[in-house]
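Here are the chains, one letter per residue:
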Amino acid sequence: VLSLGKWIFIRTTALVGSFFLAGAVATRFGEAAIGAHQIAFQLFFFLALVLDSVAIAGQIIVARELGAGRTGRAYEAGARMIWLSVVAGCAFAFMLLALAGVLPRIFTGDAAVLHEATLLWPLFALMQPLNGAVFALDGVLIGASDGPFLALSMVGAFLACATVLLVALEAGWGIRGVWAALVVLILVRLAAMLSRFRRGR
């Protein structure tokens, strides 16, 4: 537990740190911006928990197959889990886009907050298929006990996200800039973990 857990702790700290910094930057753009950010943030984590159910299954299956020495079957199971998560993410993206005028109003009736939510919504919705792939890959690599890579790649993604957030703050990009930085976070993680998975490491 300790050998893998310390790396997962670093990974999780960097992930939470990204959202912590995103919230801090969103606050600098005003009350309406942080209000809209919180709506998307809460829905993001709700959907992440749903997508994580596939990742947990992938983690268990991959670990079992690798433990039995069946690396080919572990790879096939991992690929299957990734595609299942991407399909689920696409379904969530479609749902979020279709309900773009409805979901934010469940949280607030404030016109300024709703306007800010409209600005970030396409980025939030369209990142869901990426999230699906990232969460599944995360589970697959945890199942393969690839903790050091998960930690280091997440730290790299955090640095990329933090850089875009600071640029967004200086350039006054507003809430779109904040969520663009979060998309960068997901894209960097996806590129790193997918490359790792394809190499069979």
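Before any of the text, the structure's been laid out above.
Below is a short write-up of the structure. What you see is a predicted model, and the numbers here were worked out from it, not measured in a lab.

### Remarks on unusual backbone geometry
Residues other than glycine predominantly adopt negative phi, and peptide bonds predominantly adopt the trans conformation. Positive phi is not limited to glycine here, since Ser-145 has a value of about 55 degrees. When you line up the elements, Ser-145 lands in the loop between helix H6 (128-143) and helix H7 (147-171). Here Ser-145 falls in the exposed class, since its relative accessible area comes to 52%.

### Examining the side chain of Ser-18
Note that Ser-18 resides in helix H1 (residues 2-28). Since its relative accessible area comes to 0%, Ser-18 is described here as buried. Of the polar contacts made by the side chain of Ser-18, one reaches the backbone oxygen of Ala-14; its length is 3.0 Å. Once residues lying within four places of it in the same chain are set aside, the contact partners of Ser-18 are Met-154, Phe-158, Cys-161, Leu-165, Leu-182 and Leu-185.

### Observations concerning the pattern of salt bridges
Under the definition given, this model contains six salt bridges. Salt-bridge contacts for Asp-138 lead to Arg-11; the nearest nitrogen and oxygen are separated by 2.3 Å. One end of the pair, Asp-138, is in helix H6; the other, Arg-11, is in helix H1, with 127 residues separating them in the sequence. Using a relative accessible area of 9% as the deciding quantity, one classes Asp-138 as buried. What makes Arg-11 buried here is its relative accessible area of 13%.

### What to know about H6
End to end, H6 covers 23 Å across 16 residues, agreeing with the expected 22 Å (1.5 Å per residue, within 8%). Two residues or fewer after H6 comes Ser-145, characterised by a positive phi angle close to 55 degrees.

### Side note on the packing of helix H3 (residues 71-98) against helix H5 (residues 111-126)
In contact at an axis separation of 8 Å, H3 and H5 are set at 160 degrees when each is read in the N-to-C sense. Taken together, the axis directions place H3 and H5 in an arrangement best described as roughly antiparallel. As H3 runs across H5, the sense of the crossing is left-handed. Residues Ala-93, Leu-96 and Leu-97 of H3 form the contact with H5, whose own contacting residues are Trp-121, Pro-122, Phe-124, Ala-125 and Leu-126. Along the lines of polarity and charge, the residues of the contact of H3 with H5 split into eight nonpolar, no polar and no charged.

### Overview of the packing of aromatic side chains
Following the criterion strictly, the structure yields nine aromatic pairs and no others. Residues Phe-41 and Phe-45 carry aromatic rings whose centres are separated by 5.0 Å and whose planes lie at 70 degrees to one another, so their mutual orientation is edge-to-face. On the criterion of helical spacing, the pair formed by Phe-41 and Phe-45 is a turn pair, its members being four residues apart in helix H2 (residues 31-67). Accessibility expressed as a relative area gives 19% for Phe-41, which makes it buried. For Phe-45, a relative accessible area of 32% corresponds to the partly exposed category. Taken together, a centroid distance of 5.2 Å and an interplanar angle of 75 degrees make the contact between Trp-121 and Phe-124 edge-to-face.

Cut-offs applied
- Residues numbered from 1 in each chain as written.
- Predicted model: local features only at pLDDT ≥ 70, side-chain atom pairs only at ≥ 80, totals over all residues.
- Heavy atoms only, no water.
- Helix = DSSP H or I, 4+ residues; strand = E, 2+ residues; numbered from the N terminus.
- Buried < 20%, exposed > 50% of the residue type's maximum accessible area, 1.4 Å probe, protein only.
- Polar contact = N/O pair within 3.5 Å; in protein donor to acceptor, adjacent residues only side chain to side chain.
- Contact = heavy atoms within 4.5 Å.
- Salt bridge = Lys/Arg side-chain N within 4 Å of Asp/Glu carboxyl O.
- Expected span 1.5 Å × (residues − 1).
- Axes fitted to C-alpha atoms, helices over the stretch in contact; angles between N-to-C directions.
- Parallel < 35°, antiparallel > 145°, perpendicular 65-115°, else oblique.
- Left-handed = near helix turned anticlockwise from the far one by under 90°.
- Nonpolar A, V, L, I, M, F, W, Y, C, P; charged D, E, K, R; others polar.
- Phe/Tyr/Trp six-rings, centres within 6.5 Å; stacked < 30°, edge-to-face > 60°.

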